[in-house]
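Notes for the structure review
What follows is each chain in one-letter form.
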Amino acid sequence: MGLSREGGLFVPETVPAISMEELASLCALDYRERAVRIMKLFLEDYSEEELRGFANAAYSREKFDSEAVAPVVKLGDGTYILELWHGPTCAFKDMALQMLPYLLTAALKKTGEEKRVCILVATSGDTGKAALEGFRDVEGTKILVFYPRDGVSEVQKLQMTSQEGGNVFVSAIEGNFDDAQTGVKEIFSSEELREELAENGWFLSSANSINWGRLLPQIVYYFSAYCDLINAGEIKMGEKINFSVPTGNFGDILAGYYAKKMGLPVARLICASNRNNVLTDFFETGEYNRARPFYETISPSMDILISSNLERLLSDLSDSGDKVRVLMESLKSEGRYEIDAETLEKINSVFSAGSLDDEAAKAVIRETFSEKGYLLDTHTAVAFGVTKAYREKTGDKTKTVTLSTASPFKFTPAVLSALGKPCEKPGPELIGELSETAGIPAPRPLADLAGRKARFTFCAKKTELFDTVKAFLS
Ligand SMILES: *Cc1c(COP(=O)(O)O)cnc(C)c1O
């Protein structure tokens, strides 16, 4: 189940702790084995051999173009980049969505579920493609993706609309990501639709980060990055470090929060937003208010005003689920809620927040490339810039790992423009150009994208999402 019947998100009853000895023993292992160890702490119903089989398949050399799977790159001045985009769709969503189909299909067997599962996805660009790749032609599953028609990059769009596989469908919707996500949540909480689909032998699940199965594999790379820094002699065992995360739905950074809670030595988590800075304001004032303009930016996967996973953080910090339910209901009916001073203080003892607009993000891309020879994508640039500003403002010299969430080749027009080479051609046709300009080969899965044809051209109105699901499963 992606979402509870009442519409709330699932959270672990308890978060397992990891000792310093266990953490030290993880350092001797490769990424796949680290994933087995971390996930096993939560997944008591799965055997270690089972998880090992999943990790070896999900993070194979065939799927990931880096032996390290999620390598850490040193940029100097105590800053590091954790590259999470070496998977088949070149965004960090692969880290979880290569694993999720294995977890889910095994869960179907373990629970004796006889119905088939349809994965329903609302995407701001990267989840859609990563979920399609993860679930394509997986037996007993279908997958349906909704993306905002004008809210994804052209590379992202073509990646999705040209998707292969016999069990997939991709639909644009008239609206933005929040419309898509709200529509999908309504579908999940419709009792009537659930019954109708059940009669035809189907049930729905989610590949969005509202699904716990998305968050769990993401906890792994925080541990893995820490171990890599230990192994490289950059930090001492037990030394606390910061992580800075380009944030949209608050899923990626929340995984870091769980890692800290498990015992990973983390000082602060830096939450970076683009011009849609609802989270920056929230951390400052304690008021979450979505009643504000929605901006389309060069970092479209962060163009979000309703960050679903914040619900999980609030749940973790409050003693009763009812309190969170009241806040979420207020968000739904009034578009806002406010937390008490005590909760805000708890949040601010762990999180810092900041935002960067498009021009500032482009300047970060340009400077980082000219000074360090390292090419950031538009999302990672937001986080790297926010990290820099945070360090200057606070004087905090703690070593800081910025999570790099996508390959720059997914956002070619903006990255080329940042490098002083603006270009009018459609994104997919600029992949070669960026490669030449930066002197970096394009990732294999993107290199031949320009020649591919769209298979899916359907665009649903906001009111047609239910019908689209029914038609796909009839
Ligand atoms: C999804 C995504 C994000 C935001 O991650 P959340 O888990 O939604 O906070 C940031 N950058 C890129 C490239 C993404 O695809």
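For every chain, the first residue of its written sequence is number 1, and the numbers climb from 1 along that sequence. Restriction of local features to residues with pLDDT of at least 70 applies here, the model being predicted, together with a cutoff of 80 or more for giving and counting side-chain atom pairs; totals for whole chains, interfaces and linings are based on all residues. Side-chain numbers here rest on the full set of heavy atoms in the structure, without hydrogens or water.

Examining the sheet that holds strand 5 (residues 168-173)
Pairing in this open sheet of five strands is parallel, and the strands run 6-3-4-5-13 from one edge to the other. Two strands lie at the open edges of the sheet, namely strand 6 (202-206) and strand 13 (459-460), each paired on one side alone. Any two strands with at least two DSSP-identified bridges between them are counted as paired. Under the DSSP-based scheme used, a helix requires at least four consecutive residues in state H or I and a strand at least two consecutive residues in state E, with every element numbered from the N terminus. Two elements, strand 4 (residues 141-148) and strand 5, share six bridges in a ladder whose sense is parallel. When the sheet's bridge partners are listed, I143 is paired in strand 5 with V168. Residues are treated as being in contact if the distance between any of their heavy atoms lies within 4.5 Å. Between N-to-C directions, angles cover 0 to 180 degrees, with each direction set by a line fitted to C-alpha atoms, over the stretch in contact for helices. Strand contacts of helix 6 (residues 126-135): strand 3 (116-122), strand 4 and strand 5, with the helix running at about 170 degrees to strand 4, the strand carrying the most contacts.

Regarding the domain arrangement of the protein
Domain delimitation follows an automatic or database domain assignment. According to the domain assignment, the protein consists of domain 1 (72-90 + 213-407) and domain 2 (99-208 + 456-472). Taking the mean C-alpha position of each, domain 1 and domain 2 sit 26 Å from one another. Residue-level contacts link 15 residues of domain 1 with 24 residues of domain 2. When domain 1 packs against domain 2, close to 1,500 Å² is buried across both sides, 50% of that on carbon and sulfur atoms. Two parts placed together each lose some accessible area under a 1.4 Å probe, and adding up what both lose gives the buried area.

Structural notes on the site of the ligand
In the vicinity of the ligand there are 15 residues, among which K93, D126, G248, N249 and D252 approach most closely. Backbone polar atom of G248 to an oxygen atom of the ligand: 2.8 Å apart, as the coordinates give it. Residues are called lining when one of their atoms sits within 4 Å of a cavity or pocket point, these points coming from a 1 Å grid over the protein atoms alone, where a cavity is a set in which a 1.4 Å probe fits but cannot get out and a pocket is an open set with protein on both sides within 12 Å along at least five of seven lines. Being in a pocket or cavity means that more than half of the molecule's atoms lie within 2 Å of its grid points. Here the ligand occupies the largest cavity. Gly is placed with the polar residues, together with every amino acid not listed as nonpolar (Ala, Val, Leu, Ile, Met, Phe, Trp, Tyr, Cys and Pro) or charged (Asp, Glu, Lys and Arg). The class makeup of the residues in the shell around the ligand is five nonpolar, seven polar and three charged. The near set for a molecule or strand comprises every residue that places at least one heavy atom within 4 Å of it. Polar contacts, as counted here, are pairs of nitrogen or oxygen atoms within 3.5 Å of one another; within protein the pair requires one atom able to donate a hydrogen and one able to accept it, and residues that are adjacent in sequence qualify only if both atoms are side-chain atoms.

A few points about the pairing of strand 12 (residues 400-404)
Accessibility here uses a 1.4 Å probe with only protein chains present; expressed as a share of the type maximum, an area under 20% marks a residue as buried, one over 50% as exposed, and anything in between as partly exposed. By the criterion of burial, strand 12 is predominantly enclosed, with five of the five residues buried. The two faces of strand 12 match: T400, T402 and S404 on one face and V401 and L403 on the other face are all buried. Taken together, the five bridges between strand 2 (residues 79-83) and strand 12 define a ladder with parallel strand orientation. In the strand pairing of strand 12, E83 is matched with S404. Where strand 7 (residues 241-246) and strand 12 come together, three bridges link them in parallel fashion. Bridge pairing in strand 12 links F243 to V401.

Details of empty space enclosed by the protein
Grid points are joined across faces, edges and corners, and a volume is the space filled by probe spheres set on the points. Throughout the structure, instances matching the rule amount to two cavities of 30 Å³ or more. The calculated volume of the largest cavity comes to roughly 250 Å³. Forming the boundary of the largest cavity are 24 residues, of which F92, K93, G248, N249 and S301 lie nearest the centre. It is helix 11 (residues 251-262) that contributes the most residues to the lining of the largest cavity, three residues altogether. Residues belonging to the lining of the largest cavity are distributed by class as follows: nine nonpolar, 11 polar and four charged. Among the domains, domain 1 (72-90 + 213-407) and domain 2 (99-208 + 456-472) are the pair contributing at least three residues each to the lining of the largest cavity. Surrounding the second largest cavity, T247, G248, S273, N276, V278, L279, M302, I304 and S307 form its lining. Residue composition of the lining of the second largest cavity, by class: four nonpolar, five polar and no charged.

Considering the pattern of salt bridges
Any two side chains of opposite charge can pair, given that their charged atoms come close. In the sections that follow, a salt bridge refers to a side-chain nitrogen of Lys or Arg positioned within 4 Å of a carboxyl oxygen of Asp or Glu. In total, this model carries 28 salt bridges according to the counting rule given. One salt bridge connects K372 with D77, and the closest N-O pair in it is separated by 3.5 Å. Of this pair, K372 sits in helix 16 (residues 358-372) while D77 sits in the loop between strand 1 (72-76) and strand 2, and the two are 295 residues apart along the sequence. Assessed through its relative accessible area of 34%, K372 is described here as partly exposed. A salt bridge links K425 to E433, with the nearest nitrogen and oxygen atoms 3.7 Å apart. Salt bridges here are not isolated pairs; linked through shared partners, they connect D30, R32, R61 and E67.

Some details on the sheet that holds strand 7
To summarise the sheet geometry, strands pair through backbone hydrogen bonds and adopt either a parallel or an antiparallel arrangement. Spatially, 1-2-12-7-8-11 is the arrangement adopted by the six strands of the open sheet, whose pairing is mixed. Lying at the two open borders of the sheet, with one neighbouring strand each, are strand 1 and strand 11 (351-355). Between one strand axis and the next, the sheet turns by 25 degrees as a mean value, whatever way the strands run. By the bridge criterion, five bridges tie strand 8 (residues 266-273) to strand 11 in an arrangement that is parallel. Considered in strand 11, the bridge of C271 is made with A353. Packing of helix 10 (residues 212-231) onto the sheet brings it into contact with strand 1, strand 2, strand 7 and strand 12, and relative to strand 7 it is tilted by some 135 degrees.

Digging into the nonpolar core
Grouping buried Ala, Val, Leu, Ile, Met, Phe, Trp, Tyr and Cys residues that are joined through side-chain atoms within 4.5 Å yields what is termed a nonpolar core. Ranked by size, the top nonpolar core spans 80 residues in total, and within it Y59, I219, F223, F243, F250, Y337 and F351 carry the most contacts. No other element matches the 13 residues that helix 10 contributes to this core. Structurally, this core is a two-domain feature, drawing no fewer than three residues from each of domain 1 (72-90 + 213-407) and domain 2 (99-208 + 456-472). For F223, the contacting residues outside a window of four places in its chain are I18, L23, L26, I38, A259, M262 and L264. Of all hydrophobic cores here, the second largest spans 39 residues; its members include C90, A272, Y374 and A381.

Some details on the layout of surface pockets
Here the largest pocket is characterised by a volume of approximately 1,300 Å³. The set of elements that each furnish at least two residues to the lining of the largest pocket consists of helix 2 (31-42), helix 5 (100-111), helix 8 (177-188), helix 9 (191-199), strand 6 and helix 10. No other element matches the seven residues that helix 5 contributes to the lining of the largest pocket. Classifying every residue of the lining of the largest pocket by side-chain character gives 25 nonpolar, nine polar and nine charged. Along its surface, the second largest pocket is lined by 35 residues, and G7, G8, K185, E311 and M328 are the ones closest to its centre.

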